[in-house]
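Examination of the molecular architecture
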Number of protein chains: 2
Amino acid sequence: MQKRTFRFSNSATDFYFDARISLLKKLADPKKTVVLTDENIFAAQGKKFKGWTTIVLKAGEQYKVQATVDSVILQLIELGADRSTLLVGVGGGVVTDVTGYVASVFMRGISFGFVPTTLLAMVDASIGGKNGIDVGVYKNMVGTIRQPIFILHDVSFLTTLPEAHWKNGFAEIIKHALIKDAAMFRQLEQNSLSAYQKKSTLLSTLIQRNALFKIKVVQADEFEMGDRKLLNFGHTLGHALENQYGLQHGEAVAIGMAFAASLSASFCAFKPIKRVIDVIEKYGLPVAISYKKDDVFEVLKKDKKKEGGEMNFVLLKSIGKGIIHPLPPKEIYNYL
Amino acid sequence: MQKRTFRFSNSATDFYFDARISLLKKLADPKKTVVLTDENIFAAQGKKFKGWTTIVLKAGEQYKVQATVDSVILQLIELGADRSTLLVGVGGGVVTDVTGYVASVFMRGISFGFVPTTLLAMVDASIGGKNGIDVGVYKNMVGTIRQPIFILHDVSFLTTLPEAHWKNGFAEIIKHALIKDAAMFRQLEQNSLSAYQKKSTLLSTLIQRNALFKIKVVQADEFEMGDRKLLNFGHTLGHALENQYGLQHGEAVAIGMAFAASLSASFCAFKPIKRVIDVIEKYGLPVAISYKKDDVFEVLKKDKKKEGGEMNFVLLKSIGKGIIHPLPPKEIYNYL
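Here is a short report on the structure shown in this document. (Residues numbered from 1 in each chain as written. Chains lettered and ligands numbered in written order. Predicted model: local features only at pLDDT ≥ 70, side-chain atom pairs only at ≥ 80, totals over all residues. Heavy atoms only, no water.)

All names here are of chain B. Sheet analysis places strand β3 (residues 33–38) next to strand β4 (residues 53–57), joined by 5 bridges and oriented parallel. Directly across from threonine 37, in β4, lies its bridge partner valine 56. Following the backbone out of β3, through helix α2 (residues 39–44) and into the adjacent parallel β4, one traces a crossover that is right-handed. (Pairing = 2+ DSSP bridges. Helix = DSSP H or I, 4+ residues; strand = E, 2+ residues; numbered from the N terminus. Right-handed = clockwise from strand over helix to strand, strands pointing away.)

Residue and element names in this part refer to chain A. We note that aspartate 18 has phi near 50 degrees; this positive angle belongs to a residue other than glycine. A relative accessible area of 42% means that aspartate 18 is categorised as partly exposed. Despite not being glycine, methionine 107 shows a phi value in the positive range, around 50 degrees. Structurally, methionine 107 is set in the loop between α4 (93–105) and β6 (111–116). Classification of methionine 107 by relative accessible area gives buried; the value is 2%. (Buried < 20%, exposed > 50% of the residue type's maximum accessible area, 1.4 Å probe, protein only.)

To continue, consider the interface of chain A and chain B. Taken together, the contacts link 35 residues of chain A with 35 residues of chain B. Summed over both sides, the interface of chain A with chain B buries roughly 3,000 Å², with 58% coming from carbon and sulfur. Among the residues of chain A in contact with chain B, Ile77(A), Arg83(A) and Arg108(A) are the three that bury the most area, contributing 25% of the side total. Connecting chain A to chain B are 2 salt bridges. Glu224(A) serves as the salt-bridge partner of Arg83(B), at 3.6 Å between the closest nitrogen and oxygen. Our count for the contact surface shared by chain A and chain B stands at 7 residue pairs in polar contact (both at pLDDT 80 or more). Mapped onto the side of chain A that touches chain B, the elements with two or more residues apiece are α3 (66–78), α4, β8 (138–142) and β10 (306–307) of chain A. Considering each element in turn, the side of chain A that touches chain B owes the most residues, 6 residues, to α3(A). (Contact = heavy atoms within 4.5 Å. Buried area = accessible area lost by both parts, 1.4 Å probe. Salt bridge = Lys/Arg side-chain N within 4 Å of Asp/Glu carboxyl O. Polar contact = N/O pair within 3.5 Å; in protein donor to acceptor, adjacent residues only side chain to side chain.)

Turning our attention to helix α11 (residues 249–268) of chain A. Residues and elements named next belong to chain A. The first and last C-alpha atoms of α11 sit 26 Å apart over 20 residues, in line with the 28 Å expected at 1.5 Å per residue. With respect to burial, α11 is a largely interior element, 15 of its 20 residues being buried. The first or second residue beyond α11 is alanine 269, which carries a positive phi of 50 degrees. (Expected span 1.5 Å × (residues − 1).)

Taken as rigid bodies, chain A and chain B are interconverted by a rotation of 180 degrees and an axial shift of 0.0 Å, the fit giving an RMSD of 0.0 Å. Those values place the two copies in the arrangement expected of a two-fold rotation axis. Most of the interface of chain A is mirrored in chain B, where 100% of its interface residues are also at the interface. (Least-squares fit on C-alpha atoms with pLDDT ≥ 70 in both.)

Let's shift gears to the sheet that holds β10(A). Residues and elements named next belong to chain A. Strand order in the open sheet formed by 3 strands is β10-β11-β12, with antiparallel pairing between adjacent strands. Every other strand in the sheet has two partners, leaving β10 and β12 (321–327) as the edge strands with one partner each. In this sheet, β12 lies alongside strand β11 (residues 310–318) in antiparallel orientation, the contact comprising 7 bridges. Across the sheet, asparagine 312 pairs through a bridge with proline 326, a residue of β12. Packing of helix α6 (residues 163–180) onto the sheet brings it into contact with β11 and β12, and relative to β12 it is tilted by some 85 degrees. (Axes fitted to C-alpha atoms, helices over the stretch in contact; angles between N-to-C directions.)

For the rest of this paragraph, the subject is the side chain of Asn191(B). One can find Asn191(B) in the loop between α7 (182–190) and α8 (193–198). Apart from the residues lying within four places of it in its own chain, the contact partners of Asn191(B) are Tyr196(B), Leu202(B), Lys282(B) and Tyr283(B).

Here the focus is the packing of helix α6 (residues 163–180) of chain B against α7(B). Residue and element names in this part refer to chain B. Relative to each other, α6 and α7 sit at 135 degrees, their axes nearing to 6 Å. Considering the angle they form, α6 stands oblique to α7. Crossing geometry of α6 relative to α7 is assigned as left-handed. In this structure, α6 uses Phe170, Ile173, Ile174, His176, Ala177, Leu178 and Lys180 to contact α7, whose residues at the interface are Ala182, Met184, Phe185 and Leu188. Residue composition of the contact of α6 with α7, by class: 9 nonpolar, 1 polar and 1 charged. (Parallel < 35°, antiparallel > 145°, perpendicular 65-115°, else oblique. Left-handed = near helix turned anticlockwise from the far one by under 90°. Nonpolar A, V, L, I, M, F, W, Y, C, P; charged D, E, K, R; others polar.)

All names here are of chain A. Applying the stated criterion across every chain yields a total of 20 aromatic pairs over all chains. Ring geometry for phenylalanine 42 against phenylalanine 49: centres 5.4 Å apart, planes inclined by 50 degrees, an arrangement best described as tilted. Its relative accessible area of 34% is what places phenylalanine 42 among the partly exposed residues. For phenylalanine 49, a relative accessible area of 4% translates into the label buried. Judged by centre distance (5.4 Å) and plane angle (55 degrees), the rings of phenylalanine 112 and phenylalanine 114 are tilted. Here phenylalanine 112 and phenylalanine 114 have matching classes, each one buried. The rings of Phe6, Phe15 and Phe17 are connected pair by pair, giving a single aromatic cluster. (Phe/Tyr/Trp six-rings, centres within 6.5 Å; stacked < 30°, edge-to-face > 60°.)

All chains considered together, the criterion is met by 32 salt bridges over all chains. Its salt-bridge partner being Lys301(B), residue Glu298(B) comes within 3.1 Å of it at the nearest N-O pair. In this pair, Glu298(B) and Lys301(B) both sit in helix α13 (residues 293–301), 3 residues apart, roughly one turn of the helix. Through salt bridges that share partners, Glu61(A), Lys64(A), Asp97(A), Asp134(A), Lys139(A) and Glu242(A) make up one connected network.

Right, dumping it as C-alpha cells:
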C-alpha cells in the first residue's frame, strides 16, 4: 500500500494505491458511515461489505438519474444520517458519481470517499471531484465539483470485472495517451489488453500512471478553465451517442476519439490517424457506428462544452498533444 | 441606489440597496439570462418582467421540492441554456432557494443573482448562499452553499406583498434582534408593523440594518462552523412544525422562538420571556399552536443541526445575546 495526499483548491484527497478494502475500517467509523454500491458488485464481492451499512443501487448508466438520488436521500434520512455521516461509494463511475453528488447536496454537503472497482473508475472517473447525473439523453447535465476525502484502490475488485468494462477503462487510458503522453501511447501499441490483464505489476503501474496523470491535470485546473478541458477528448460526440444508442461509455468515447482524430486531420493537419484507429481497435473498442446524424447533432448542440455559440472541441496536433479548438456547430455537422 | 460589495470565502456579491429592477438591464444581458419567479409575483408585477425570458413557478413552500428543480432544468435545456447563462431569481425565499440550488447544480454550476421581493427574502433568505429544497416534511434537507453574484433590492415589490408575508419578515427581524441586537429589539418594542409599513425611510433603514447584520454573520462564518448557527434561533422546532402543520415560515419560527425562550429560562436563567412574547405578538405572530408531540419530535430528531446524538439548540442568555447549547433530544422532548 502506498499513501499519497494531493491538495485541490478547497480540500485534500488521500490516495491509497495498491491497498485492500479492509483498510476502510481505519479510515471510517462503521457507525457513522453509509456505503453505496451496485447490485453487480454486491453480488460478486458481497463479503467485502460485511459490517458496513450498505445501500445497493441498481447497476448501469440508466440509473445515474435524479430518481436514484431521490431514493438514496430518502434512505439516508431513514438511516438517521446527519452532517457527520460519511458516504463511501464502492463501485464504478456511476456509483462514484451518484455518491459524490448525493454527498454534495445532502444536508448541504457531507464528506465522502471512493473505492473505485472498475479500471475506468480507478484511472479516471473517481478522480477530480466532478460528479453528476444524466437528464434524459444529456450526460452529466446536473452535478457539482467537490473532492472526496479519500480514494482507495483495491485491484482485487478487477478479478470479477466483465471484459466490456476492461475495454471501457482502456478507452480513457488511450485518451490520456493521445492528449498528453506519447510515450504511454507507444507502450499501448507494444502491449495488449490480455498482457495487462495477466501481468499485475504492468497493470498496477499503468493504473497509477493514469491516476497520477489525471490528478495532475485536475490540480492544475480544477474548475476546467483551461487544460482540464483536454480530458473531454472524444467525449463531445461520445456523450451525444452514449445514451441515445445505449453504448458503453468506453465504446462511445472510442468512436468520439476516432471522429476527433479525423476532424484533427482537417483542422490541425494531424497525420497519424491510422495509429489512433489501430490502438483503439487493438483494445477491442469500436471506431464507428451508424447513427442518425440529425438526432445526434440535436444532443451535441446542447453539450455543456458549448459556450456562446461555439463548441470547444478537443483536437490533436500530434500524438500526445491535444488542443482546444472552438468550432461552430455547423462545421461539426458537416463532418458527422 | 447604493452599491456595496461584500466578499465571501470563494466569491463576492454586489448588493444594490434601494434600487429599481430596471437596473437589471445593466447587470445582465437579456440574451444570456433566464429569470425565475412565481405565479403570484408574475400576476401582481408582470410589467417588470418585460423583455426577460422568464420561467414562472407555482407559488408556495410546497413547491420547494425536487420536482420543481427537475422541471426548471428541463426548461433550461429547452431554452438552450449553457454554462454562460445567468439565472436570476425574482421572488421570495422559495424562488431564491430554488434559483440558487438549480444554478449550483445545472451543468455543475452557473452564475446567479437575486431580486428578493418579500421582506423576509430581503432581510434574510436571499443572503448567505444557503439554498435548497425540502424532502417531505424535512426542510432544506438537500441543497448547497453558494453565493449569488448580485442581490438587488427593489422595495416597490413590497407594495403588493400580502400581510401574512410582512409578518414572516418580522419574525426574522425579531430573531436578529434577540440573538445579537438589543438596541434593535427596543426599537421593535417602540414601533409597530403599521408604522414600518407607512414610513418608507424607517422601513428602508430597518431592511438595510438587517441585511447588513446577516451579511456580517455569514462573512464571519460562511459554512456554519460557529456564530452562523445562532441564526437557527427558533428554527429547530420551527422547521419541525412548518411543513407538518402547513404554517407560514414566520409563524413557525415565531412559535419556535417562544419555545426557545422558555427553554432558555430553564437552561440559561433567561428572565425577560414576557418581553419576547409581547414583541412576537405585537407583530401579529403566534407564540404557540397545538401539535402532536411525538410526530413533531420524530421530525425534530432528523434536523440537520443534530450531530452525533446531540441537538445544537440556540438559546438566549439575555435579549441580544444568543448562545449555542447542545441538548440531548430527550431533554427537548420533555419540554415539548
